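What follows is each chain in one-letter form.
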Amino acid sequence: MTEKLVVIGAGMASGRMLEHLFEAAPDAFDVTLFGAEPRGNYNRIMLSPVLAGEKTFDEIVTHDADWYAANNVTCRFGETVTRVDRKRKVVSSARGELAYDKLVVATGSAPFIIPIAGKDLPGVMAFRDLDDVNAMVETAGKPNAKAVVIGGGLLGLEAAAALRGRGMEVVVLHLMGHLMERQLDPAAGYLLKKELEGRGITIHTEAQTKAVLGEERAEAVLLEDGTVYPADIVVMAVGIRPETRIATDAGLHVERGIVVNDQMVSSDPDILAVGECVEHENICYGLVAPLYDMAKVAAKTLLKQDAAFRPVETATQLKVTGVNLYSAGDFAEAEDREEIVLRDASAGVYKRLVLKENRIMGAVLYGETADGGWFFDMLKKGTDVSEMRDTLIFGQAYQGGGQLDPMAAVAALPDDAEICGCNGVCKSKIVGTINENGLTTLDGVRAHTKASASCGTCTGLVEQLLSLTLGDAYNPAAVTPMCGCTDLGHDDVRRLIKARKLKTIPAVMQELEWKTSCGCAKCRPALNYYLVADWPDEYADDYQSRFINERVHANIQKDGTYSVVPRMWGGVTSAAELRAIADVVDKFNIPTVKVTGGQRIDMLGIEKEDLPAVWADLGKAGFVSGQAYAKGLRTVKTCVGSDWCRFGTQDSTGLGIRIEKFMWGSWTPAKVKMAVSGCPRNCAEATCKDVGVICVDSGFEIHFAGAAGLDIKGTEVLGLVRSEDEALEHIVALVQMYREQGRYLERIYKWAKRIGYDEVRRQIMDDAEKRKAYFERFVFSQKFAQVDPWSERVSGKDKHEFKPMATLSLEAAE
Amino acid sequence: MNAMSESWVAIGKLEDIPRRGARCVKNGDTTIAVFRTADDRVFALEDKCPHRKGPLSQGIVHDGCVTCPLHNWVISLETGRAQGADEGSTATFPAKVEDGRILLSLRSAAEKAA
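Residues numbered from 1 in each chain as written. Chains lettered and ligands numbered in written order. Predicted model: local features only at pLDDT ≥ 70, side-chain atom pairs only at ≥ 80, totals over all residues.

Participant: How do you make sense of the overall build of chain A when you look at a structure like this?
Facilitator: Scanning chain A from N- to C-terminus turns up 28 helices and 42 strands. Out of the 814 residues in chain A, the part that is buried amounts to 45%. The contacts in chain A between residues at least 6 apart in sequence include a share of 62% that link residues at least 24 apart. (Helix = DSSP H or I, 4+ residues; strand = E, 2+ residues; numbered from the N terminus. Buried ≥ 20, exposed ≤ 12 C-beta atoms within 10 Å, placed from the backbone. Contact = placed C-beta atoms within 7 Å.)

Participant: What is the right way to look at the sheet that holds strand S7 (residues 74–76) of chain B in this model?
Facilitator: Note on sheets: strands pair through backbone hydrogen bonds, and any given pair is parallel or antiparallel. All names here are of chain B. The strand order across the open sheet formed by three strands is S5-S6-S7, and the pairing between neighbours is antiparallel. The sheet is open, and its two edges are formed by strand S5 (60–62) and S7, each paired on a single side. Within this sheet the neighbouring strands show an average axis-to-axis angle of 25°, counted without direction. By the bridge criterion, three bridges tie strand S6 (residues 65–67) to S7 in an arrangement that is antiparallel. (Pairing = 2+ DSSP bridges. Axes fitted to C-alpha atoms, helices over the stretch in contact; angles between N-to-C directions.)

Participant: Could you clarify how one ought to interpret the interface of chain B and chain A in this entry?
Facilitator: Often the size quoted for an interface is simply the accessible area lost on bringing the parts together. On the chain A side, the residues contacting the 30 residues of chain B number 23 residues. The set of elements that each furnish at least two residues to the side of chain B that touches chain A consists of strand S1 (8–13), strand S2 (21–27) and S5 of chain B. Looking at the side of chain B that touches chain A element by element, the count peaks at six residues for S2(B). The residue inventory of the side of chain B that touches chain A, partitioned by class, reads 13 nonpolar, ten polar and seven charged. Where strand S42 (residues 806–808) of chain A and S2(B) come together, three bridges link them in parallel fashion. (Nonpolar A, V, L, I, M, F, W, Y, C, P; charged D, E, K, R; others polar.)

Participant: Help me out: how do you make sense of the environment of B:Ala85 in this one?
Facilitator: Residues and elements named next belong to chain B. When you line up the elements, Ala85 lands in the loop between S7 and strand S8 (92–93). Accessibility expressed as a C-beta count within 10 Å gives 5 for Ala85, which makes it exposed. Linking Ala85 and Val74, residues eleven residues apart in sequence, is a C-alpha distance of 9.9 Å.

Participant: How should I be thinking about the environment of A:Thr649 in this particular structure?
Facilitator: Looking at where A:Thr649 falls in the secondary structure, it is placed in the loop between helix H21 (641–644) and helix H22 (652–663). For A:Thr649, a count of 19 C-beta atoms within 10 Å puts it in the partly exposed group.

Participant: How should I be thinking about helix H12 (residues 427–437) of chain A in this particular structure?
Facilitator: Helical periodicity: at 3.6 residues per turn, an α-helix aligns residues three or four positions apart in one direction. Residue and element names in this part refer to chain A. Three or more residues of H12 are buried, namely Lys427, Lys429, Ile430 and Ile434. Considering only its buried residues, H12 is in contact with strand S29 (418–420), strand S30 (425–426), helix H13 (442–449) and helix H14 (459–470). Note on H12: the residue one or two positions beyond its end, Gly438, has a positive phi of about 60°.

Take a look at the structure:
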């Protein structure tokens, strides 16, 4: 008979234990999982990036409802276990009793709330779960919001940096003399303090908190020395204590934590415990690596296999974007210890190694942390470093011939070198898995080995291993920097623009640490687009950051003259329009008139000075700019459809015109060309467009991601919809999704391939709520985009663009 | 005329040119592009890229350089020389700002050296 396993606590440790269990023996247990939070398991380490807005909650979920369902886990989330009756082997909750054969207690830890007056006021919170994060984000959204963070340790500083990044005024109160005193020495603590102060965070060390002040809710924090800091929220991040109440009540042996042996078994042989609630050999653990080790051992114990948990050294990294900090081991000074220190104040680098008998005892790295893993590896193995002592501090790249190539350094790592500290994954495991499974992406490695899937700081190493293993077959497109002015890729820049609410080009360059004073011709147009797309109502378009064609709203030709293409909605024109064009051509002696591939008329060879006058005449006939120069909506080609064609199934011309009138003026990452064909004979060639529609009797088949330029590619089918209204909504939503996610100059077919056609279908076809939200955002941004640039300039805008500054007679030079 | 007595011509006010932008000055058959950088320095180049004669005045101005609108050559505003792997150079003209007015000398640096 299947044994009944009850697990109390749905956190990272128990989640990992269940994974191991189901991997080894999917049907060994009938599992019921209790969790206090009303949601599944997520990666708690990544709450800081969620608070900073750099990740979404969805991205950090590790086990969702589907996973539990697939493994037949009965989930009882939001339900608290109130009692364990060990004699009868049942647990009780509000819904009654449940019997177990084996019980696993994984209740984790509770934040330590310092017992001061006012600690229970609304606005005082911990930084422990998603509810805390949501409460903080909500307050941060208010103008001039102020936060006081009590505790200058890892968690407190991550919270402080994230809240500051969201625009709050932040004060950090720390009891000790320097920040993160458990992980850092005073020098590194000082550098960190300076860095955070530079970001506008006030740091008060040796701060004795006396009380939280406030009537209805927290208003300020009072210190023993009389200092008062106003606060809308007070975040307590002073530490955690193992959550052991249920175990104590059940009569288990509990000291600081639930006491377990090497097999993770408590004083009751049928009750195991894992995670932060556990005490093993007088030590309680709070970092993820040992918790995962416990999970592995507990799974084996449940399956009656041999395994033993051994205490491990742990290393720490601070997850604050832009701060590089690594510490491992023990770095207190002592008689028999030596230290090696490297300081480079101008570069903000500080490295300190503590040695004892030629072995590394501890390492603190600030500013440059790439060698952290290497030092940590030697620390754990007790490697004798006497041979390389002189150059040890300069890192691995300096050993053995001064090879500075980071790839060479990774290649030189031994097979058993630990790459991912969180999940204990070594080099040979990653390389082996890449080869066995034919992996080609970082996500693939994460899925198969878990390496880089927790805190993510080893991502660079994993990518280097991918690159080493696959050679040129690995294309790390995601990490290519935008241009020489920054190390960030397009996706990171887009994400950070949103997360940190950066709303001008100088703000982006300042906050994201651009390496040049005002960017270059690659990044400025990209940033200008991202800001236009993300803040349509607030951002003032920077014309000096647009390419000439978009700046003057015409297409520059090889001789410096321009071409002008007015819109012909859906490719339909009239005698009056054609007459107006003919008149303009005569009046301005335009040398060439050409029909374009997008069903309209191009006038080429116009002098720049004549452009406003040409537009004025065209405007009188009702023409607006065709935006034939724009990274934006170009044309919507149509066929004559059911109006004339004996095969036409729908009014393709009408739909094309409707789409063009709805979407003109919108800026997109790269140009967008569309077409609507009235039947599957496809005279409008819709199946090689960015977005195309093929009308059929039953409705409208929407296509996307075609190409007929440098690359040739037929479209993918998005789906079939019944009505014109639906077709418009789906197309607009698709384009808005592309506007929000595409990299500058990346056409739809490349973007869609990168994120996956199914993902596009899922968001646009299947998720009506998402589709409507995209649609609404597009409509909102059109309010600011649908202004005819030609008529603006005819009325005098940007006059300086079209006139010489001065015309000098030759005499003037004398 | 000798090198000591440059003859300066006032061509307009500094504000006539947008920051990180350019305007043209026509001098007979020659077009001179006058650039204003983000930090309000002014430079003047013949409005012709050494590559395919693209109008540099229409390019994007960044730091001390302009990127040609035709094929993205990057030209130094100070020296007129192509940057990076590209080779070639464009005539430069002395330019300065006095009391908010831009003054241009019409003898190109090359002529002066001759």
